[in-house]
Amino acid sequence: MNRRSLLLGLAGGAVVAAAGGYVALGRGPAETLIATPAVAAGATGTILPDIPLGKADAPITLIEYASYTCPHCAHFHDEVLSKLKRDYIETGKVRFILREVYFDKFGLWAGQIAQCGGDLKYYGISGMLFSEQKAWIGDGTEATIAENLRKIGIKAGLTKEQIETCLNDQARAEAMVMTYQKNASADAIEGTPTLVINGEKHDNMSYEDLKKILDAKLGG
């Protein structure tokens, strides 16, 4: 199996949650908590816009659905995306969009860090999260992951105040979850990484296989 299957319901219910609503993580008795929202079935709210990379008028739009805790997504970003940027995005042939998938609260926390710097820093921070995935997940405990994500935020140029504000912005976290639900449901996403190329859905693949698809669509 070369991709991670979705474990969370897309139609509603508590998507990123422990039993009962919020998952709170404290680094110490006097330190700020990170809380992860449970989004109720039928909830409505803000749907966040995509953050595109590349020319707006590129002939191909490539959407990647990925989770920050998915090893195959990390491999795609390390081994495929760099070549895609060089050959297709920076040359104006492909407009790339990353859409975050939240299997678990840790992926959501990572998304909060990625989005904390705004559109200009988004792909730089998301790239760090994928390339350093094993390191920030560490021993897999909540305290370790929270501390390591904060460190990545600092390394990316965010202030401690920015990081804590972003990690504790419950309205934004709920909007992120609802945006994920809406987009993944509309595109019938069943696992990560999944690529949607000009509306056509594809499983994870090598750069060589992706290149063949892109070149065919470009007529070359």
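Note that the structure is predicted; figures quoted are calculated from it, not measured. What you see as residue numbers is a count from 1 along each chain, following the sequence as written. Two thresholds apply to this predicted model, a pLDDT of at least 70 for residue-level local features and 80 or more for giving and counting side-chain atom pairs, whereas whole-chain, interface and lining totals are computed over all residues. Water and hydrogen atoms play no part in the side-chain values, which are based on all heavy atoms of the structure.

(A) Up close: the overall build of the protein chain. Segments assigned H or I by DSSP are reported as helices when at least four residues long, segments assigned E as strands when at least two residues long, and all are numbered from the N terminus. Each helix and strand in the protein chain was counted, giving eight helices and nine strands. The cut-offs for exposure are 20% and 50% of the maximum accessible area for each residue type, with area from a 1.4 Å probe on protein chains only; residues under the lower value are buried, those over the upper are exposed, and the others partly exposed. In the protein chain, which comprises 220 residues, the proportion classed as buried is 47%. Taking contacts inside the protein chain between residues at least 6 apart in sequence as the whole, the part at least 24 apart equals 77%. In the form shown here, the protein chain has an accessible surface area of approximately 10,100 Å², with 53% of it arising from carbon and sulfur atoms. Residue contacts are counted whenever heavy atoms from the two residues lie within 4.5 Å of one another. Each accessible area is a Shrake-Rupley result for a 1.4 Å probe, and residues are judged covered by the shown protein chains and nothing else.

(B) Structural view of the sheet that holds strand 8 (residues 194-197). Paired strands are those between which DSSP finds at least two bridges. Spatially, five strands are ordered 4-6-5-8-9 in an open sheet, and the strand pairing comes out mixed. This sheet does not close on itself; its edge strands, each paired only once, are strand 4 (52-53) and strand 9 (200-203). The sheet contact formed by strand 4 and strand 6 (residues 94-100) spans two bridges and is antiparallel. Across the sheet, residue Pro52 finds its bridge partner in strand 6, namely Ile97. Working convention: axes come from line fits to C-alpha atoms, limited for helices to the stretch in contact. Angles between N-to-C directions cover 0 to 180 degrees. In the packing of helix 1 (residues 71-89) onto the sheet, the strands contacted are strand 4, strand 5 (60-66), strand 6 and strand 8, and the crossing angle to strand 6 comes to about 160°.

(C) Fine view of the nonpolar core. Residues Leu62, Tyr68, Leu84, Leu129, Leu210 and Leu214 are the most contacted members of the largest nonpolar core, which totals 60 residues. With eight residues, the single largest contributor to this core is helix 1. Setting aside residues up to four positions removed in sequence, Leu84 forms contacts with Leu62, Ile89, Phe96, Tyr207, Leu210 and Leu214. The nonpolar core is taken to be a set of buried Ala, Val, Leu, Ile, Met, Phe, Trp, Tyr and Cys residues, with the residues joined through side-chain atoms within 4.5 Å.

(D) Layout of the packing of aromatic side chains. Pairing of aromatic rings covers Phe, Tyr and the six-membered ring of Trp, with a centre-to-centre limit of 6.5 Å; geometry is then stacked below 30 degrees between planes, edge-to-face above 60, and tilted otherwise. All told, the structure shown has five aromatic pairs when counted by the stated rule. An angle of 75° between the planes, with centres 5.0 Å apart, marks the rings of Tyr122 and Tyr123 as edge-to-face. Like Tyr123, Tyr122 is buried. One aromatic cluster in this structure is built from Phe96, Tyr122 and Tyr123.

(E) Structural view of the pattern of salt bridges. Each reported salt bridge corresponds to a side-chain nitrogen of Lys or Arg within 4 Å of a carboxyl oxygen of Asp or Glu. Taken as a whole and assessed by the stated rule, the structure comprises eight salt bridges. One salt bridge connects Arg86 with Asp87, and the closest N-O pair in it is separated by 2.8 Å. Here Asp87 falls in the partly exposed class, since its relative accessible area comes to 22%. Lys217 is the salt-bridge partner of Glu200, the closest N and O atoms lying 3.1 Å from each other. Taken as a pair, Glu200 in strand 9 and Lys217 in helix 8 (residues 207-218) lie far apart in primary sequence, 17 residues in all. With a relative accessible area of 34%, Lys217 lands in the partly exposed category. In the salt-bridge network here, residues are joined through shared partners; they are Asp50, Arg99 and Asp187.

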